[in-house]
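# Working through the structure, step by step
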Amino acid sequence: MNTSGPADQGLRLIPFRGLRYDPDRVGSLAAVTSPPYDVVVRPDGLHHLESADPHNIVRLILPQAATAAARHEQAAQTLHRWLAEGVLSLDSEPALYVYEQRNDEILQRGVVGALALSGPADGIVLPHEDVMAHVVEDRADLMRTTAAHFEPLLLTYRSEGGDSGATAVIERTTDRPPLLATTTEDGYHHRLWAVTDPADRAEIETDLARHQALIADGHHRWATYLRLQQEHTAPGPWDFGLVLLVDTARYPLRVRAIHRLLHGLPVADALAALDGLFRVRDLAGPLPRALDALAEASAEGNAFLLAGDGRFHLIDRPDPGLLSRTVPADRPAAWRTLDATVLHSVLLEHVWRIPDAPEHIAYIHDTAAAVEQAERHHATAVLMHPVREEVVRDLARQGVTMPRKSTSFGPKPATGLVLRSLELG
């Protein structure tokens with residue numbers, strides 16, 4: 001994807017006064033962090049995070065109460081209490097933040113800041129997935145009630161690969177002692193630095209102004225930012241959203257699949273409906289071996305792995321006539337042949353006749369968790385093979401959005417290391 005553009009039409013990233021945990025007031029920084037709200041596997045993962053520390057950020061991003069309004073009001077009260085108690089405190093001056101994630105396999109560095117909002121037609125921030133209205137409404141009500149951004153979106157851009165601009169500032173910043181460092185239970189080491197020097201900030205901002213970005217993770221929160229901006233007509237903090245920008249020319253991301261859990265559809269019923277429409281092969285497992293078979297089949301065309309009855313069932317080679325009848329023909333070929341397109345347009349809508357609504361379908365990032373929940377609830381897990389990043393970029397450049405929850409870019413920023421208040425600072 002060409003990410004260069006006119007200097008006055010590119011990314012505008014500005015500093016803000018970060019809201020951060022006081023390490024002396026919590027058990028550990030790792031114990032108060034969380035994955036993004038939509039990656040937390042509920043209820044098990046939610047309960048685990050709540051018990052990790054009484055101040056875990058999950059109490060703000062996924063508050064628990066009887067109604068949506070009560071949940072969001074509870075989050076606002078919790079935020080105000082933590083501010084009053086000094087659990088969270090505002091940094092003394094505005095900054096851009098250099099953020100690093102590292103494990104034995106990957107190193108990712110980027111810049112956290114407040115990004116000027118723009119719509120898809122502006123071609124500055126490019127979405128690649130559709131969003132679900134009820135999720136946007138829920139996130140909007142939470143942000144509206146708390147007046148805060150709790151989680152940075154993950155956005156990517158591609159530099160020319162040199163050692164100037166934002167890259168140069170990031171590299172020399174990471175030579176200094178960080179503001180914070182912690183290791184989360186998934187094995188990732190996290191470090192955060194504040195960039196407050198005006199010359200360094202100007203170098204980053206000038207560089208980014210020449211680029212456009214792809215939303216890698218956070219489509220619903222970006223749509224929420226845009227909705228709340230429309231509600232606040234006067235210029236101000238609602239014109240900006242909290243993001244992490246990563247240069248994938250220097251730090252490539254991983255792209256993983258997001259799996260589907262089909263409530264109320266036993267595997268036997270799912271398989272029976274496929275008779276004559278897909279090739280079906282039973283696999284003994286274990287899960288890694290079944291996923292290898294899925295990867296091999298996906299190299300030749302659309303393929304999915306069904307689980308939930310203690311075995312694995314590989315389905316592939318859909319009937320061409322079925323595809324021609326059910327897949328919309330008014331989109332690029334790359335879109336029409338996506339696994340997510342075939343899943344939603346063919347399997348869910350026409351074969352299994354399952355509405356794409358939360359009471360019928362759950363979206364789960366972790367493969368083993370999807371299988372375990374399907375077996376526990378006598379449901380069907382549809383395991384997906386990841387889309388290649390170049391396909392995502394190409395479709396985004398054409399202005400074509402993929403079916404919702406088609407990709408999972410990572411590593412995702414940990415939630416809870418730096419927050420943005422829209423009322424303070």
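The present account deals with the structure reproduced in this document.

Quick notes on the rules
Residues numbered from 1 in each chain as written. Predicted model: local features only at pLDDT ≥ 70, side-chain atom pairs only at ≥ 80, totals over all residues. Heavy atoms only, no water. Helix = DSSP H or I, 4+ residues; strand = E, 2+ residues; numbered from the N terminus. Buried < 20%, exposed > 50% of the residue type's maximum accessible area, 1.4 Å probe, protein only. Contact = heavy atoms within 4.5 Å. Areas by Shrake-Rupley, 256 points an atom, 1.4 Å probe, with all protein chains shown as cover. Lys, Arg positive; Asp, Glu negative; His and termini not counted. Charge placed at Lys NZ, Arg CZ, Asp CG, Glu CD. Salt bridge = Lys/Arg side-chain N within 4 Å of Asp/Glu carboxyl O. Polar contact = N/O pair within 3.5 Å; in protein donor to acceptor, adjacent residues only side chain to side chain. Arc of directions from axis to C-beta. Phe/Tyr/Trp six-rings, centres within 6.5 Å; stacked < 30°, edge-to-face > 60°. Lys NZ or Arg CZ within 6 Å of the ring centre and 35° of its normal. Core = buried A, V, L, I, M, F, W, Y, C linked by side-chain atoms within 4.5 Å. Pairing = 2+ DSSP bridges.

### A look at the overall build of the protein
Looking only at helices and strands, the protein features 15 helices and 21 strands. Taking the principal axes of its C-alpha atoms as reference, the protein extends roughly 65 × 45 × 45 Å. Burial statistics for the protein: of 425 residues in total, 55% are counted as buried. Sequence separation of at least 24 residues holds for 80% of the intrachain contacts in the protein that already meet a minimum separation of 6. Put simply, the protein shows about 17500 Å² of open surface, and 50% of that area lies on carbon and sulfur atoms. When the 41 basic and 57 acidic side-chain charges of the protein are each reduced to a single mean position, those positions are 1 Å apart.

### Thoughts on the side chain of D53
Assignment of secondary structure puts D53 in the loop between α2 (44-52) and α3 (58-61). Although D53 is buried, it forms no salt bridge, and the closest oppositely charged side chain is R59 at an N-O distance of 6.3 Å. Within the structure, the side chain of D53 is placed 3.0 Å from the backbone nitrogen of G27, a separation counted as a polar contact. Not counting the four nearest positions on each side in its chain, D53 is found in contact with V26, G27, S28, A31, V32 and R59.

### Things to note about helix α7 (residues 198-208)
D200, R201, I204, D207 and L208 are the residues of α7 that are buried. Seen end-on, α7 carries its buried residues on one side only, within an arc spanning 135°. Those residues of α7 that are exposed and angled more than 90 degrees off the buried face are P198, A199 and T206. For α7, the N-terminal capping position is held by D197, with its side-chain oxygen 3.0 Å away from the main-chain nitrogen of A199.

### Focus: the pattern of salt bridges
Tallying each qualifying case throughout the model produces 26 salt bridges. R250 serves as the salt-bridge partner of D163, at 3.1 Å between the closest nitrogen and oxygen. You can see D163 sitting in the loop between β8 (153-157) and α6 (165-173) and its partner R250 sitting in the loop between β12 (240-247) and β13 (254-256), a full 87 residues away along the chain. According to the relative accessible area criterion, R250 is partly exposed, its value standing at 33%. Across the pair D207 and R210 runs a salt bridge whose closest N-O atoms are separated by 2.7 Å. If you follow the salt bridges from partner to partner, you end up with E100, R102, R109, D163, E171, R191 and R250 in one network.

### Concerning the environment of V135
Here V135 lies in helix α5 (residues 133-146). Overall, the relative accessible area of 14% leaves V135 in the buried class. Expressed as a C-alpha distance, the spacing of V135 and P358, which sit 223 residues apart in the sequence, is 9.6 Å. Other than its neighbours up to four places away in sequence, V135 contacts Y37 and H220.

### Thoughts on the packing of aromatic side chains
Enumeration according to the criterion identifies three aromatic pairs in this entry. Aromatic pair F16 and Y97: ring centres 5.4 Å apart, planes at 55°, arrangement tilted. Taken together, the positions of F16 in the loop between β1 (13-14) and β2 (19-21) and Y97 in strand β4 (residues 96-102) put the pair 81 residues apart, joining distant regions of the chain. Exposure remark for Y97: the relative accessible area of 0% places this residue in the buried category. Arranged with centres 6.2 Å apart and planes meeting at 50°, the rings of Y21 and W82 form a pair that is tilted. Of this pair, Y21 sits in strand β2 while W82 is found in helix α4 (residues 68-85), placing the two residues 61 residues apart along the sequence. The ring of Y37 has R139 sitting right over it, with the charged end atom 4.1 Å from the ring centre. A cation over an aromatic ring shows up here: R331 above the ring of W335, its NZ or CZ 4.5 Å from the ring centre.

### Focus: the nonpolar core
W222 and W352 are the most contacted members of the largest nonpolar core, which totals 118 residues. Per element, the largest residue contribution to this core is seven residues, and it comes from helix α13 (residues 339-351). Not counting chain neighbours up to four residues away, the residues in contact with W222 comprise L115, A116, L117, S118, V125, L153, I215 and V243. Judged by nonpolar contacts, the second largest core, of 18 residues, contains L294, A369, A370 and V371.

### Section: the pairing of strand β19 (residues 380-383)
Of the two faces of β19, the one carrying T380 and V382 and the one carrying A381 and L383 are both buried. Two strands pair when backbone bridges link them, and strand β14 (residues 259-262) and β19 are joined in this way by three bridges, in the antiparallel orientation. When the sheet's bridge partners are listed, L261 is paired in β19 with A381. Pairing geometry for strand β16 (residues 303-307) and β19, over three bridges, is antiparallel.

Coordinates in, geometry out; function isn't part of it.
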